[in-house]
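Structural features, examined
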Amino acid sequence: MTTKRDRKDTSSDCTVDGHRRRAGWAVGVAMVGLLGLTAIATVQAPQPALTLNAKLVAHDSRTADTTGEALGAGSRSAVPGAAGFIALRPDGKVFATVSGGTVRQWNTSTGRRGGPSLAADTGPINSIAFSSDGKLLAVAGDGQVLLWDATAGELSRPPLTGHAGPVRSVAFSSADQLMATAGDDGTVRLWDSGTGELVRTMTGHPGAVRSVVFSQDGKRLATAGAGDDNTVRLWKTSTGRPIGEALTVSPGPVHALSFSPDGKLLAASGGGNVVRLWNPATGEPAGEPLTSSAGPVYALTFSPRKKLLATSSGGDNTVQLWNTATREPATAPLTGHTGPVRAMRFDADAKLLATGSDDGSVRVWDAETGSPQGSPLTGHDGAVWALRITPNSKRLITAGADNKVRLWRVPTGDEARSRT
């Protein structure tokens, strides 16, 4: 699920199964080099994750956040943040994390503070997102959304209100000033992020709406229901009218959905081993579904430059790469994780795929061959629920159940080859 286009993290992927948590107060940030691994990917039973002899890069211990936590006591930096929340600015230079009612920004090169802290004051925070130009940071909370000037640390607009109850998801269109929100009240709302005005309200889901995601051109919006609503709905953003009938994911719940980079496919997965594909222009099925080796399919992601789709197979802890043109496997299954994969991203050049698992490890793969690149990255104590790769493919950011966010250094191709 990484659809970084024009060297930006304008991903259209969305994980919607509720495994991202708000609990947690401290986040550890570590920059680590990937060490070599002599084994190659096989189709045998998954092997235990290898322990990484991490070489941590020390930060300047004199640098501190405004709250007083030292960034870089020795080689282990501790910063606040909740598991599962990562917002990467489109230029890749700054990422944001959540701690209680506060959003904090960090420099992806150094792990030091990368901008002002934003006191959201919205109650529990459910979703954060940068605008496509990186100037605004949206924070969705209980019944309202706050739009912050990310550089100045000031509210750019009065709070956006209208949802009755928690706002579960927020997303920006990369093509215009539209912002979409979804909430427990069953509504999806489109806003003008420049003025803060409500553009239109869409209804159709019978219950709460868990997530929203734009197509790359901003002409369409996909939404996923929560609870017993195992449907995905497509909307035309210019009119707010639905495209076709509700798309059913069976068995539910809806775990993940994503638009392809060219906007010609919408993929969604649920509790079974089937990944369904639709034509976003019509809402009709786009060929036969993909059948993974073992469900549920917790995560999926399109390659930004090649006709590849990566899907997780929760029943056997593997990852599968598919050619979306032929609907055939592009490589042998990627094996090695000892727990289900819940997070994955391609890098901007579609050369690497990163995966995060319940086994606490992060693995990097060659997207063309499926072979592992370097050793597994170990350090999280518990499941890895979210990850991002910067547009220059130099940094990998991961968040997990241990309430830590870790910043890893991704090796160049020459480095990876020299270590294998």
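In the block above lies the structure referred to throughout.
Here we summarise the structure given alongside this text. The shown structure was predicted, so the numbers you read here are calculated from the model rather than taken from an experiment. Residue positions within a chain follow its written sequence, with the count starting from 1. Local features in this predicted model are restricted to residues of pLDDT 70 or higher, and side-chain atom pairs are both shown and tallied only at a pLDDT of 80 or more, whereas totals for entire chains, interfaces and linings draw on every residue. Excluding hydrogens and water, the side-chain values take into account all heavy atoms of the structure.

A run of H or I in DSSP becomes a helix once it reaches four residues, and a run of E becomes a strand once it reaches two; helices and strands are each numbered from the N terminus. When its secondary structure is counted, the chain shows one helix and 34 strands. Note on exposure labels: buried denotes an accessible area under 20% of the residue type's maximum, exposed denotes more than 50%, and partly exposed covers the range between, all computed with a 1.4 Å probe on protein chains only. For the chain, buried positions account for 57% of its 420 residues. Contacts are assigned to residue pairs with any non-hydrogen atoms lying within 4.5 Å of each other. Summarising the internal contacts of the chain: among those between residues at least 6 apart in sequence, 50% fall at separations of at least 24. As displayed, the chain offers around 15700 Å² of accessible surface, 48% of which is attributable to carbon and sulfur atoms. Accessible surface area values rest on a Shrake-Rupley calculation with a 1.4 Å probe, where residue burial reflects the displayed protein chains alone.

Our focus in this paragraph is the sheet that holds strand 4 (residues 87–88). Only strands joined by at least two bridges in the DSSP assignment are considered to pair. Judged by pairing direction, the sheet is antiparallel, and its four strands sit side by side in the order 4-5-6-7 without closing on themselves. The open sheet is flanked by strand 4 and strand 7 (118–119), the only strands paired with a single partner. When strand 4 meets strand 5 (residues 94–99), the two strands line up antiparallel, connected through two bridges. Each residue of the ladder has a partner; that of Ala-87, found in strand 5, is Ala-96.

A word on the pairing of strand 16 (residues 209–214). Within strand 16, five of the six residues are buried, which leaves it mostly tucked inside the rest of the structure. Sheet topology note: the strand 16/strand 17 (residues 220–225) ladder contains five bridges and is antiparallel. If you follow Val-212 over to strand 17, its bridge partner there is Thr-223.

Attention shifts here to the pattern of salt bridges. One side-chain nitrogen of Lys or Arg within 4 Å of one carboxyl oxygen of Asp or Glu is enough to make a salt bridge. Summed over all chains, the structure comprises four salt bridges. Across the salt bridge formed by Asp-349 and Arg-305, the nearest N and O atoms sit 3.9 Å from each other. Taken as a pair, Asp-349 in the loop between strand 28 (341–346) and strand 29 (352–357) and Arg-305 in the loop between strand 24 (300–302) and strand 25 (308–313) lie far apart in primary sequence, 44 residues in all. Linking Arg-342 and Asp-358 is a salt bridge whose minimum nitrogen-to-oxygen distance equals 2.7 Å.

For the rest of this paragraph, the subject is the side chain of Arg-189. Following the sequence through the fold, Arg-189 ends up in strand 14 (residues 187–192). Only four residue types enter the charge count, namely Lys and Arg as positive and Asp and Glu as negative; His and the chain termini do not. Among buried charged residues, Arg-189 stands out as having no salt bridge; its nearest opposite-charge side chain is Asp-185, 4.2 Å away. Looking at Arg-189, its side chain comes within polar contact range of the side chain of Thr-187, at 3.3 Å. In this structure Arg-189 touches Gly-162, His-163, Met-179, Ala-180, Thr-181, Leu-198, Arg-200 and Thr-201, once residues within four positions along its chain are discounted. For this analysis, a polar contact is any N or O atom pair within 3.5 Å, provided that within protein one partner can donate a hydrogen and the other can accept it, and provided that sequence-adjacent residues contribute only side-chain to side-chain pairs.

Geometrically, a pair of aromatic rings is defined through the distance of the ring centres and the angle of the planes. Paired rings are identified among Phe, Tyr and Trp, the last through its six-membered ring, by centres lying within 6.5 Å, and are further divided according to the angle between planes into stacked (under 30 degrees), edge-to-face (over 60) and tilted (the rest). Evaluation of the coordinates by the stated rule reveals zero aromatic pairs. Whether a charge sits over a ring comes down to the Lys NZ or Arg CZ being within 6 Å of the ring centre and within 35 degrees of the ring normal. Positioned above the aromatic ring of Tyr-298, the side-chain terminus of Arg-342 is 4.1 Å from the ring centre.

Along the chain, Ala-310 turns up in strand 25. Residue classification places Ala-310 among the buried positions, given a relative accessible area of 0%. With 57 residues separating them along the chain, Ala-310 and Ala-367 place their C-alpha atoms 9.3 Å apart. Beyond its immediate sequence surroundings of up to four residues, Ala-310 is in contact with Ala-299, Leu-300, Thr-301, Gln-320, Leu-321, Met-344, Phe-346 and Leu-353.

Okay, the sheet that holds strand 24 next. Strand pairing within a sheet occurs via backbone hydrogen bonds; the two strands may be parallel or antiparallel. As summarised here, the arrangement of the four strands in space is 24-25-26-27, forming an open sheet in which the pairing is antiparallel. Edge positions in the sheet fall to strand 24 and strand 27 (328–329), since each of these pairs with one other strand and no more. Here strand 24 pairs with strand 25 via three bridges, running antiparallel. In the strand pairing of strand 25, Leu-300 is matched with Thr-311.

Another aspect to go through is the nonpolar core. Here, the term nonpolar core denotes a set of buried Ala, Val, Leu, Ile, Met, Phe, Trp, Tyr and Cys residues that are joined through side-chain atoms within 4.5 Å. Within the largest apolar cluster, 15 residues are counted, with the highest numbers of intra-cluster contacts made by Ala-96, Val-103, Ile-128, Phe-130 and Leu-137. Residue assignment for this core shows that the elements contributing at least two residues are strand 5, strand 8 (127–130), strand 9 (136–140) and strand 10 (142–149). When residues of this core are assigned to their parent elements, the largest contribution, three residues, is made by strand 5. Residues contacting Val-103, with those up to four places away along its chain left out, are Ala-96, Thr-97, Val-98, Pro-116, Ser-117, Leu-118, Ile-125, Ile-128, Leu-137 and Val-139. Grouped together as the second largest cluster of nonpolar side chains are 14 residues, Ala-224, Leu-234, Leu-257 and Trp-278 included.

Let's shift gears to the pairing of strand 20 (residues 256–259). Burial of the side chains of strand 20 extends over both faces: Ala-256 and Ser-258 are buried on one face and Leu-257 and Phe-259 on the other. Pairing between strand 20 and strand 21 (residues 266–269): four bridges, direction antiparallel. Bridging across to strand 21, Ala-256 finds its partner in Ser-269. Hairpin connection, strand 20 to strand 21: the antiparallel pair is bridged by six residues, and Gly-263 has positive phi, about 75°.

Cis rather than trans, the peptide bond between Ser-250 and Pro-251 has omega equal to 0°. By secondary structure assignment, the location of Pro-251 is in the loop between strand 19 (247–248) and strand 20. Phi is positive for Ala-350, close to 60°, though the residue is something other than glycine. Position of Ala-350 relative to the elements: it lies in the loop between strand 28 and strand 29. Phi is positive for Ser-393, close to 60°, though the residue is something other than glycine. Mapped onto the fold, Ser-393 is located in the loop between strand 32 (384–389) and strand 33 (395–400). With relative accessibility at 12%, the residue Ser-393 sits in the buried group.

Attention shifts here to the side chain of Arg-342. Residue placement: Arg-342 occurs in strand 28. At 2.7 Å, the side chain of Arg-342 and the side chain of Asp-358 are in polar contact.

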